[in-house]
Amino acid sequence: MSNSNLVSYTKISPNKSSPRNHAIDTITIHCVVGQCSVETLGNIFAPTSREASSNYGIGNDGRIGMYVEEKDRSWCSSNAANDNRAITIEVASDTKHPYSVNEKAYAALLDLVTDICKRNGIKKLVWSENKSDRVNHKNGCNMTVHRDYANKSCPGDYLYNRHGEIAAEVNRRLGAAEPPKPDTAPTGTLYKVQIGAFSKKANAAALEKKVKAAGFDTFVTKEGTLYKVQVGAFSVKANAEAIQKKLSAAGYSDAFITASSGTAAKPSAPAAAKITEGSRVRLKQGAPTYTGGSLASYVYDRVHVVKEISGKRAVITFGNIVVAAVNVDDLTLA
Ligand SMILES: [Zn+2]
């Protein structure tokens, strides 16, 4: 059983049961109730008197910490059976309802959950709004929440209401989702770590095999006449940097980070008042998508970044993930 290479800070907590008694088949996301760093979280889980821990934690800067190795059971969700089969993740959050999580931490959560699923053979995340489905793992349900097992608001409404969105995005990255509609095509910047580039395909394949065997999610991509060997991709640059460091320590000191956009931005036509690509915006309450579709209510409560504008069509993102294409007239600067 491996741990995530995305981890940039490790402080193993004594609060755990070793080893876990069940295969990993569930993800349980928690809110910290504090906008803290991975180091602070490590200190919280350090004393035995705390009797609490999590497998991973995500700081407010998007870095990822590990406190209990995946082979072990964390003491996180007030339920031994759940924590024996789940990877638990604490995410830095506000201290008050709805316990909001910032964009960096949210983007890192998507990276981490995708990585956990890939390494543990979880082909698809299945979420249900129904507690009985969740705790009984009905219909393949494999996401649970702390409030299922204790009288707590954890993971907070902010994260709770995004579980469907988290499952959809992770499934898209796992290749388990339906191909996205043009309106929701991902256009966020993705960071990859490049280890080598070869004109001979066989040389690239040999390196890919070697790096994969070392535990990195490696692939070969052809650009022009070159076969490039890369690891990734990640929404958060800090996660790519963590991988780059580990590759360097493993002997791949030439590894470097490359950024790419999912879709090239189209030349923009004159848009409404001052809103341009990169603007931080709010969407008018109840405004539909550009093609008239409806959006989840929380979309109207948060600030988005405009990724692309073409005529009146604006693509808005949250945590580098495309949320929707909307009419630019429905946007106001945040
Ligand atoms: Zn919790």
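Not measured: the values here are computed from a predicted model.

Here is what the cut-offs are and how they apply
Residues numbered from 1 in each chain as written. Predicted model: local features only at pLDDT ≥ 70, side-chain atom pairs only at ≥ 80, totals over all residues. Helix = DSSP H or I, 4+ residues; strand = E, 2+ residues; numbered from the N terminus. Rg over C-alpha atoms; globule rule 2.2 N^0.38 Å. Buried ≥ 20, exposed ≤ 12 C-beta atoms within 10 Å, placed from the backbone. Contact = placed C-beta atoms within 7 Å. Pairing = 2+ DSSP bridges. Domains from an automatic or database assignment. Nonpolar A, V, L, I, M, F, W, Y, C, P; charged D, E, K, R; others polar. Core = buried A, V, L, I, M, F, W, Y, C linked by C-beta atoms within 7 Å. Axes fitted to C-alpha atoms, helices over the stretch in contact; angles between N-to-C directions.

## Concerning the overall build of the protein chain
(1) Moving on: A count of helices and strands for the protein chain gives eight helices and 17 strands.
(2) Moving on: Its C-alpha atoms give the protein chain a radius of gyration of 20 Å, near enough to 20 Å, the size a compact globule of 334 residues would have.
(3) Moving on: On the principal axes, the C-alpha backbone points of the protein chain span a range of 60 × 55 × 35 Å.
(4) Moving on: For the protein chain, the residues scored as buried account for 42% of the 334 residues in total.
(5) Moving on: Nonlocal contacts in the protein chain, meaning residues at least 24 apart in sequence, comprise 70% of its contacts between residues at least 6 apart.

## Thoughts on the pairing of strand 3 (residues 26-31)
(1) Moving on: For strand 3, the buried fraction is high: six of the six residues fall into the buried class.
(2) Moving on: Residue alternation in strand 3 divides its side chains into two sets, Thr 26, Thr 28 and His 30 and Ile 27, Ile 29 and Cys 31, and both sets are buried.
(3) Moving on: Two strands pair when backbone bridges link them, and strand 3 and strand 8 (residues 143-144) are joined in this way by two bridges, in the parallel orientation. Bridge pairing in strand 8 links Ile 27 to Met 143.

## Points about the environment of Thr 10
(1) Moving on: Looking at the element boundaries, Thr 10 is found in strand 1 (residues 9-10).
(2) Moving on: Through-space distance from the C-alpha of Thr 10 to that of Cys 154 is 24 Å; in sequence the pair is 144 residues apart.
(3) Moving on: Excluding its chain neighbours within four sequence positions, the residues that come into contact with Thr 10 are Gly 65 and Met 66.

## Some thoughts on the sheet that holds strand 1
(1) Moving on: Spatially, 1-5-4-7-3-8 is the arrangement adopted by the six strands of the open sheet, whose pairing is mixed. Each edge of the sheet is formed by a strand with only one pairing partner; in this case those strands are strand 1 and strand 8.
(2) Moving on: Pairing of strand 4 (residues 56-58) with strand 7 (residues 86-91), which is carried by three bridges, proceeds in the parallel orientation. Bridge assignment links Gly 57 to a residue of strand 7, and that residue is Glu 90.

## Considerations on the domain arrangement of the protein chain
(1) Moving on: What the domain assignment lists for the protein chain is domain 1 (9-174), domain 2 (189-261) and domain 3 (267-333).
(2) Moving on: Each of domain 1 and domain 3 was reduced to a C-alpha centroid, and the two centroids are 30 Å apart.
(3) Moving on: The interface is formed by six residues belonging to domain 1 together with five residues belonging to domain 3.
(4) Moving on: At four residues, the largest contribution of residues to the side of domain 1 that touches domain 3 is made by helix 3 (residues 103-120).
(5) Moving on: Considering only residue class, the side of domain 1 that touches domain 3 consists of three nonpolar, one polar and two charged.

## Details of unusual backbone geometry
(1) Moving on: Omega for the peptide link from Cys 154 to Pro 155 comes to 10°, which places this bond in the cis form.
(2) Moving on: Take Pro 155: it is sitting in the loop between strand 8 and helix 5 (156-160).
(3) Moving on: The linkage connecting Gly 232 with the following residue, Ala 233, adopts the cis geometry, with an omega of 10°.
(4) Moving on: Within the secondary structure layout, Ala 233 lies in strand 11 (residues 226-234).
(5) Moving on: Here Tyr 99, not a glycine, exhibits a phi torsion of approximately 55°, which is positive.
(6) Moving on: As for its placement among the helices and strands, Tyr 99 is situated in the loop between strand 7 and helix 3.
(7) Moving on: Positive phi outside glycine occurs at His 137, with the angle close to 50°.

## Here's the deal with the nonpolar core
(1) Moving on: Within the largest apolar cluster, 77 residues are counted, with the highest numbers of intra-cluster contacts made by Ile 58, Val 91, Leu 109, Leu 112, Val 113 and Ala 314.
(2) Moving on: Top element by residues in this core is helix 3. It accounts for 10 residues.
(3) Moving on: The contact partners of Val 113, leaving out residues within four places of it in the chain, are Ile 27, Ile 166 and Val 170.

## Regarding the sheet that holds strand 13 (residues 280-283)
(1) Moving on: On the basis of which strands lie adjacent, the open sheet formed by five strands has the order 16-15-14-13-17 and antiparallel pairing. The two strands at the open ends of the sheet, each matched to only one other strand, are strand 16 (321-327) and strand 17 (331-333). The sheet shows a mean angle of 45° between the axes of neighbouring strands, taken without regard to direction.

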